[in-house]
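Observations on the model geometry
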Amino acid sequence: MGAETILVVDDEPQILKALHVSLRAAGYSVTTASTAGEAAETLRAGAFDTMILDLGLPDLDGKELITSVRQWSDIPIIVLSARHLEGEKILALDAGANDYVGKPFGVGELLARLRVALRLRHNRDAGLRGYRSAELTVDLPARRVVAHGKEVRLTPKEFDLLRTLLHHAGQVVTRNQLLRSVWGSSETRDSQVLRVLVGQLRQKIELDPRVPTLLLTEPGIGYRLRAEMEGGT
Amino acid sequence: MPRMDKTAWRLHAPPSTGPVAVIFQLAAWPYLWSFASVAVATALAWLLRGYIVDESLSMIFLTAVLISCVAHGRNAGILSALLAFLSYNVLVLEPRFSFRFAPLSDTLTLAVFLGVALLTGGLAGRVRDQAKSMAARAATMTKLFGASRALATAVERGELAKILADQVSQATGESIYVFLRTGEGISLASYAGGSGTAEIASDEIAGFAERAWSSVNSSGARAAYSGSGRTLSAYPFGTLRRPMGLLVRESATVEQQQAMDDPIIAVLCELGAIALDRALLIEEMTETRVHAESERLRTALLSSISHDFRTPLSGILASSTALIEQGGSIAPEAARDLLIDIRDQAERINRYVANLLDMIKLESGTISMRLEPTDVVDMISAAGRRFGHTNTKAMARSWLAQALPGESCLVEADPVLLEQAIYNVLDNAMLYSPPESTVEISVHANLQTAEIVIADEGPGIPEAELERVFDKFYRLSDRNQPQGTGLGLSICRGLIEAMGGTVRAVSPLKDGHGTAIHICLKRIAG
């Protein structure tokens, strides 16, 4: 198996350079592009394992690029977006991006997100059967959950929520995505159902539900299940 | 309202209202009354004819004359006197039904009747006049008090002009236009109608006002203009310092009658001028204050940018150039330290830029809030997570006194901004806490409010500065303490207040140390 290929799209040459160096050093094969047009062309021409996309490109709105790419590819996309533009991040995530990293960023955080994205892709291709970490063990086919050493009984909706988060373990999942996945539709009159369900799930799987360490809130965006090493089959 | 306007009497205050008073306002009534009173006296005299000597019966007629005088004045009294004499002579005295003039006694009778009429009538009339004029004065005084109070409470020019116009219009019952000075000329500021004519000053009135304004020489002197059945008068007003405006009165009566109200209008204009002067001074004072505050902010901003950018930049430049120039001679450990410094300084600039942007957005009101039911505890966890393991200080969390345990503590807030506000306070607390100390975060909730309290074990804040810590760019006066950007708490307060909450500082907490920041938000049902 060759090195995984990453496409980095950013209009800032210094960022491209730094990422190129860093990703190479981490063992990835890197291609860069500085406009959306270039990115689209490059994607079509070659096969990539992940795309890192800056949302502030000059020629095309990042969300539009994601939408058009999603029509023919399910390549994992990590977006780079400035702080406090939650609206922009949500749109990108709902359009099909898998995760986001705030700018300015530390390379460590980006590499971690990258690893998660690649792992999830691999898991999905291989079929995810469960999750194992020090605090949480889940057997998906058997619908068995053990949290902090104790088996917990989840309601169907709680299990659906946990399963959705597991399929994205380590990545952020927007509220819309969770609503669609658990309730079938993101149109809901009661905007509080998700919050309440998350609270209930935390009660069961967290050591201290008020200071969650597994099921984390991303304010204004959604929730993230903290990633552990093994995604395990 | 009709006035009792008889030839020799000029009363200014209209009589009181009511059906009885209406009857009394009929102009011919006093003379009818003379007839009536004499008729009644005659009837009485006729009845008592047998019991009282004739000459004494004249007293009854005298009484009628007296009543006429007191009730209706001298003229009615004279008419009564003549009628009484005739009636007495013809109908009462022998021979009855014939008029016989006995020189001495009749002359005496007539003289007495007339004398009583003249004297009493005059006196009574004067007394009544005085009473009426005092009542009028009292009413005027009350009105002036009211006007003065109304003018004292208003502070805005437009409002003051309206009050002035209303008051003068009420006092005179006519249409009043108040023009206020704008630049070199004047413009209509307010109108109060006596008869409901158009609100916009007609060209005629505006022209008259402008002519009067340009020829104004002293307050109180008035110009006048008559034409097309009405009179316009202009009353300029102002203080010693500057002329302020012009009041135009449009009335249907003749100029001399207008003059009666001059003193009242003059007083009202004086009061108006004083109030306007005060309003102008308040405006100027506010402007000066706002200007001074902007100056202070600008200076503080420049000084902050200069310091808080340059300092980390100097560090970055120094570390990076050292590595570039002398890379070979620097030990790997030391080199790594320099690189860590570069990262830390860059993160510091990043935080500073974020704070500046937040502050600018708050100042210019461009913060976009998306309010939704937000779990306070959840946001505290999210903010706390941002600190990771880079701090040696422990973060103790306790949830105290929840009114309904098991229920989440929800407030109407923008989750991102609430988390940011909490983060700012935590950042501050971490900065000022001594190493190995604890920063305690607690939530106190009752049915109406949720209060987040973040307490540190740092040096505390002197009482005089408890409010000032929330000023922009404020830093503790003690230079030995670590220096933050001075924006964190100010932004926190700005964000929380924009969500309808409050933020305050309490210090010291124990043994003269420690600070607690209290964030209070209104709780909503889950």
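Along each chain, residues carry numbers from 1 onward, in the same order as the chain's sequence is written. As they are written, the chains are lettered A onward and the ligands numbered 1 onward, keeping that order. At least 70 in pLDDT is required for a residue's local features to be given in this predicted model, at least 80 for side-chain atom pairs to be given and counted, and no such filter applies to totals for whole chains, interfaces and linings, which use all residues.

So, the overall build of chain A
On a plain count of helices and strands, chain A comes out with 8 helices and 12 strands. Counting other C-beta atoms within 10 Å of a residue's own tells you its class, since 20 or more makes it buried, 12 or fewer makes it exposed, and anything in between is partly exposed; those C-beta atoms are placed from the backbone. Taken across its 233 residues, chain A has 33% of its residues classed as buried. Sequence separation of at least 24 residues holds for 59% of the intrachain contacts in chain A that already meet a minimum separation of 6. Labels follow the DSSP assignment, with helices taken as runs of H or I lasting at least four residues and strands as runs of E lasting at least two, numbered in each case from the N terminus. A pair of residues counts as a contact when their C-beta atoms, built from backbone coordinates, are separated by no more than 7 Å.

As for the overall build of chain B
Per the secondary structure count, chain B includes 12 helices and 12 strands. Across the 526 residues that make up chain B, the buried fraction comes to 33%. Across chain B, the fraction of contacts at a sequence separation of at least 24, relative to all contacts at a separation of at least 6, is 67%.

A closer look at the interface of chain A and chain B
With 14 residues of chain A at the interface, the matching set in chain B holds 16 residues. Amino acids outside the nonpolar list (Ala, Val, Leu, Ile, Met, Phe, Trp, Tyr, Cys, Pro) and the charged list (Asp, Glu, Lys, Arg) are all regarded as polar, and Gly is one of them. Grouping the constituent residues of the side of chain A that touches chain B by class yields 4 nonpolar, 6 polar and 4 charged.

Remarks on the sheet that holds strand S11 (residues 215-218) of chain A
Residue and element names in this part refer to chain A. Here we have 3 strands laid out as an open sheet, ordered S10-S12-S11, and antiparallel in their pairing. Looking along the sheet, the strands with just one partner apiece sit at the ends: strand S10 (172-174) and S11. Strand after strand, the sheet turns through a mean of 30 degrees between neighbouring axes, direction not considered. Bridge analysis of S11 against strand S12 (residues 222-225) gives 4 bridges, and the strand direction is antiparallel. Bridged to Leu216 within S12 is Arg224. A pair of strands is considered paired only if DSSP assigns at least 2 bridges between the two. Inter-axis angles, ranging from 0 to 180 degrees, are taken between N-to-C directions of lines fitted to C-alpha atoms, where helices are fitted over the stretch in contact.

A few points about the nonpolar core
All names here are of chain A. Residues enter a nonpolar core if they are buried, belong to Ala, Val, Leu, Ile, Met, Phe, Trp, Tyr or Cys, and are joined to the set through C-beta atoms within 7 Å. Residues Leu7, Val9, Ile52, Leu53, Val79, Leu165 and Leu215 are the most contacted members of the largest nonpolar core, which totals 53 residues. Residue ranges for the domains trace back to a domain assignment, done automatically or taken from a database. A domain split of this core shows at least three residues from each of domain 1 (5-125) and domain 2 (128-225). Leaving out residues up to four positions away in the same chain, Val79 has contacts with Leu53, Leu55, Gly62, Ala92, Ala97 and Tyr100.

Quick notes on the sheet that holds strand S6 (residues 130-132) of chain A
Residue and element names in this part refer to chain A. What the 4 strands build is an open sheet, ordered S6-S7-S8-S9; its pairing is antiparallel. At either margin of the open sheet sits one strand with a lone partner, and together these are S6 and strand S9 (150-152). Pairs of neighbouring strands in the sheet enclose a mean axial angle of 25 degrees, with direction left out of account. Judged from the 3 bridges that link them, S6 and strand S7 (residues 136-139) form a sheet pairing that is antiparallel. Pairing of Arg132 across the sheet is with Thr137, part of S7.

Description of helix H6 (residues 203-214) of chain B
Residue and element names in this part refer to chain B. Given a rise of 1.5 Å per residue, 12 residues ought to cover 16 Å, and the 16 Å separating the end C-alpha atoms of H6 matches this to within 8%. Three or more residues of H6 are buried, namely Ile205, Phe208, Ala209 and Ala212. The arc that holds every buried residue of H6, seen down its axis, measures 100 degrees, which confines them to one face. In H6, the exposed residues that point more than 90 degrees away from the buried face are Asp203, Gly207 and Ser214. Multiply 1.5 Å by the residue count of a helix minus one, and that product is the helix's expected span. It is the directions from the helix axis to the C-beta atoms that the arc portrays.

A word on unusual backbone geometry
Negative phi values dominate among residues other than glycine, just as trans dominates among peptide bonds. A cis geometry characterises the amide bond from A:Lys103 onward to A:Pro104, with omega recorded as -5 degrees. Residue B:Pro508 is reached from B:Ser507 by a cis peptide bond, and omega for that bond is -10 degrees. Residue placement: B:Pro508 occurs in the loop between strand S11 (502-506) and strand S12 (515-522). In the Ramachandran plot, A:Arg143 falls in the positive-phi region, its phi being about 55 degrees despite a non-glycine side chain. Within the secondary structure, A:Arg143 sits in the loop between S7 and strand S8 (144-147). Non-glycine residue B:Phe473 carries a positive phi angle of around 65 degrees. Residue placement: B:Phe473 occurs in the loop between strand S10 (449-456) and helix H12 (488-498).

So, the environment of B:Asn350
Residue and element names in this part refer to chain B. When you line up the elements, Asn350 lands in helix H9 (residues 332-363). Residue classification places Asn350 among the partly exposed residues on the basis of 16 C-beta atoms within 10 Å. Considering only alpha carbons, one finds Asn350 and Phe309, 41 residues apart in sequence, at a separation of 9.8 Å.

Comments concerning the confidence of the model for chain B
Low-confidence regions, as indicated by low pLDDT, have predicted coordinates that should not be scrutinised in detail. Residue and element names in this part refer to chain B. Along the chain, pLDDT gives the predictor's confidence residue by residue, from 0 to 100. Averaged over every residue, the pLDDT of chain B is 80; residues scoring 70 or more account for 83%. The secondary structure element of chain B with the lowest average pLDDT is strand S7 (residues 394-400), at 58, and the one with the highest is S11, at 95. Predicted confidence is poor over residues 1-15, with pLDDT under 50, and the contacts of this stretch with residues over four places away or in other chains come to 18 contacts. With a pTM of 0.67, the predicted complex shows an ipTM of 0.89.

Looking at helix H3 (residues 62-70) of chain A
All names here are of chain A. Among the residues of H3, Gly62, Leu65, Ile66 and Val69 are the ones counted as buried. On an axial view of H3, the arc spanned by its buried residues comes to 100 degrees, and they lie on one face. Buried positions along H3 lie against helix H2 (36-45), strand S3 (50-54), strand S4 (77-82) and helix H4 (86-95).

Concerning the confidence of the model for chain A
With 94% of its residues at a pLDDT of 70 or more, chain A shows a mean pLDDT of 89. A low-confidence stretch, residues 229-233 of chain A stays under pLDDT 50, and its non-local contacts, those more than four residues away or across chains, total 11 contacts.

Notes on the packing of helix H4 (residues 103-153) of chain B against helix H8 (residues 262-326) of chain B
Residues and elements named next belong to chain B. In contact at an axis separation of 9 Å, H4 and H8 are set at 15 degrees when each is read in the N-to-C sense. The angle between H4 and H8 falls in the class roughly parallel. Considering the relative orientation of H4 and H8, their crossing is right-handed. Here H4 contributes Thr140, Leu144, Ala147, Ser148, Leu151 and Ala152 to the contact with H8, which in turn contributes Ile264, Val267, Leu268, Leu271, Gly272 and Ala275. Angles below 35 degrees are treated as roughly parallel, those above 145 as roughly antiparallel, those between 65 and 115 as roughly perpendicular, and all remaining angles as oblique. Helix crossings get a hand from a simple test, with the near helix turned counterclockwise from the far one by less than a right angle marking a left-handed crossing and a clockwise turn marking a right-handed one.

Thoughts on the packing of helix H6 (residues 156-167) of chain A against helix H8 (residues 193-205) of chain A
Residue and element names in this part refer to chain A. Contact pair H6 / H8: the axes reach a minimum separation of 10 Å and the direction vectors enclose 90 degrees. On the basis of their axis angle, the class for H6 and H8 is roughly perpendicular. On H8, the residues that touch Lys157, Glu158, Leu161 and Leu162 of H6 are Leu197, Gln200 and Leu201. Grouping the amino acids of the contact of H6 with H8 by side-chain chemistry returns 4 nonpolar, 1 polar and 2 charged.

Points about the environment of A:Pro76
Residue and element names in this part refer to chain A. The residue Pro76 is located in the loop between H3 and S4 in this model. Judged by the 25 C-beta atoms lying within 10 Å of it, Pro76 is buried. Sequence spacing of Pro76 and Gly96 is 20 residues, and the spatial spacing of their C-alpha atoms is 8.7 Å. Residue contacts for Pro76: discarding those within four places in its chain leaves Thr50, Asn98, Ala117 and Arg121.

Regarding the environment of A:Thr32
All names here are of chain A. With respect to the secondary-structure elements, Thr32 resides in strand S2 (residues 29-33). Taking the C-beta count within 10 Å as the criterion, Thr32 has 20 such neighbours and is therefore assigned buried. As for Thr32 and Val8, which are separated by 24 residues in sequence, their C-alpha atoms are 4.8 Å apart. In this structure, Thr32 is in contact with Val8, Leu16 and His20, ignoring residues within four places of it in sequence.

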